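Now for the letters of each chain:
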Amino acid sequence: MFDTSALTATVERFADRLRAAPQSRLQRGAAAEGLALARELADRAQRAEDPARTPRTMPDAGVFTVADQLVVAGNDLAHILRTAPAGSREQELDEAVRLVREAAERSGL
């Protein structure tokens, strides 16, 4: 099995920051950044799982749920990468970790 702990740990750190942020900070863009990232990770997971199917968009469930949405999307992608055949999964993992780190920086948390 492929080790995806770097992705899950990075996602958890960002999600923890989102959970700890005050509502005002979330509403000033941190939640939007988290949701955009969650949607991107979910899209990547869905495309990897079934390339022939059009990915579904993760809904906006509000600023207080974005951290959980991020964790779900990150864990889904990690699971798919962990169980995928060898190939480009290392590159996909590195790119996903980079996306999470960049989103966390842009969020200001």
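Residues numbered from 1 in each chain as written. Predicted model: local features only at pLDDT ≥ 70, side-chain atom pairs only at ≥ 80, totals over all residues. Heavy atoms only, no water.

(A) Focus on the overall build of the protein chain. Scanning the protein chain for helices and strands turns up four helices and zero strands. Starting at the N terminus and ending at the C terminus, the protein chain contains elements arranged as α-α-α-α. For 109 residues, the compact-globule estimate of 2.2 N^0.38 gives 13 Å, and the C-alpha radius of gyration of the protein chain, at 14 Å, lies within 12% of that figure. Referenced to the eigenvectors of the C-alpha coordinate spread, the extents of the protein chain come out at roughly 45 × 25 × 15 Å. In the protein chain, which comprises 109 residues, the proportion classed as buried is 39%. Intrachain contacts of the protein chain at a sequence separation of at least 6 include 77% that bridge at least 24 residues. Carbon and sulfur atoms make up 49% of the accessible area of the protein chain, which totals about 6,100 Å². Between the centroid of the 15 positive side chains of the protein chain and the centroid of its 17 negative side chains there is a distance of 3 Å. (Helix = DSSP H or I, 4+ residues; strand = E, 2+ residues; numbered from the N terminus. Rg over C-alpha atoms; globule rule 2.2 N^0.38 Å. Buried < 20%, exposed > 50% of the residue type's maximum accessible area, 1.4 Å probe, protein only. Contact = heavy atoms within 4.5 Å. Areas by Shrake-Rupley, 256 points an atom, 1.4 Å probe, with all protein chains shown as cover. Lys, Arg positive; Asp, Glu negative; His and termini not counted. Charge placed at Lys NZ, Arg CZ, Asp CG, Glu CD.)

(B) Structural detail: the side chain of glutamine 69. Mapped onto the elements of the fold, glutamine 69 is located in helix 3 (residues 66–83). Within the local environment of glutamine 69, its side chain forms a polar contact with the backbone oxygen of proline 59, the two atoms lying 2.7 Å apart. Excluding residues within four positions of it along the chain, glutamine 69 makes contact with Leu35, Ala38, Met58, Pro59 and Ala61. (Polar contact = N/O pair within 3.5 Å; in protein donor to acceptor, adjacent residues only side chain to side chain.)

(C) A look at the packing of helix 1 (residues 5–20) against helix 3. Direction vectors running N to C along helix 1 and helix 3 enclose 175 degrees, while the axes themselves pass 9 Å from each other. As the angle between them shows, helix 1 and helix 3 are arranged roughly antiparallel. Across from Leu7, Thr8, Val11, Glu12, Phe14, Ala15, Leu18 and Arg19 in helix 1, the residues of helix 3 making contact are Val66, Ala67, Asp68, Leu70, Val71, Gly74, Asn75, Leu77 and Ala78. Of the residues belonging to the contact of helix 1 with helix 3, the class tally is 11 nonpolar, three polar and three charged. (Axes fitted to C-alpha atoms, helices over the stretch in contact; angles between N-to-C directions. Parallel < 35°, antiparallel > 145°, perpendicular 65-115°, else oblique. Nonpolar A, V, L, I, M, F, W, Y, C, P; charged D, E, K, R; others polar.)

(D) Structural detail: the layout of surface pockets. Approximately 170 Å³ is the volume found for the largest pocket. Ala42, Ala45, Gln46, Glu49, Arg56, Met58, Val72, Ala73, Asp76, His79 and Ile80 are the residues that line the largest pocket. Those elements giving two or more residues to the lining of the largest pocket turn out to be helix 2 (23–49) and helix 3. Sort the elements by how many residues they give to the lining of the largest pocket and helix 3 lands first, with five residues. (1 Å grid on protein atoms, 1.4 Å probe; cavity = no way out; pocket = protein on both sides within 12 Å on 5 of 7 lines; lining within 4 Å. Points joined across faces, edges and corners; volume = space filled by probe spheres on them.)

(E) Here's a closer look at the pattern of salt bridges. For the structure on display, the rule yields eight salt bridges. Beyond isolated ion pairs, a larger network of salt bridges with shared partners links Glu40, Arg44, Glu92 and Glu95. (Salt bridge = Lys/Arg side-chain N within 4 Å of Asp/Glu carboxyl O.)

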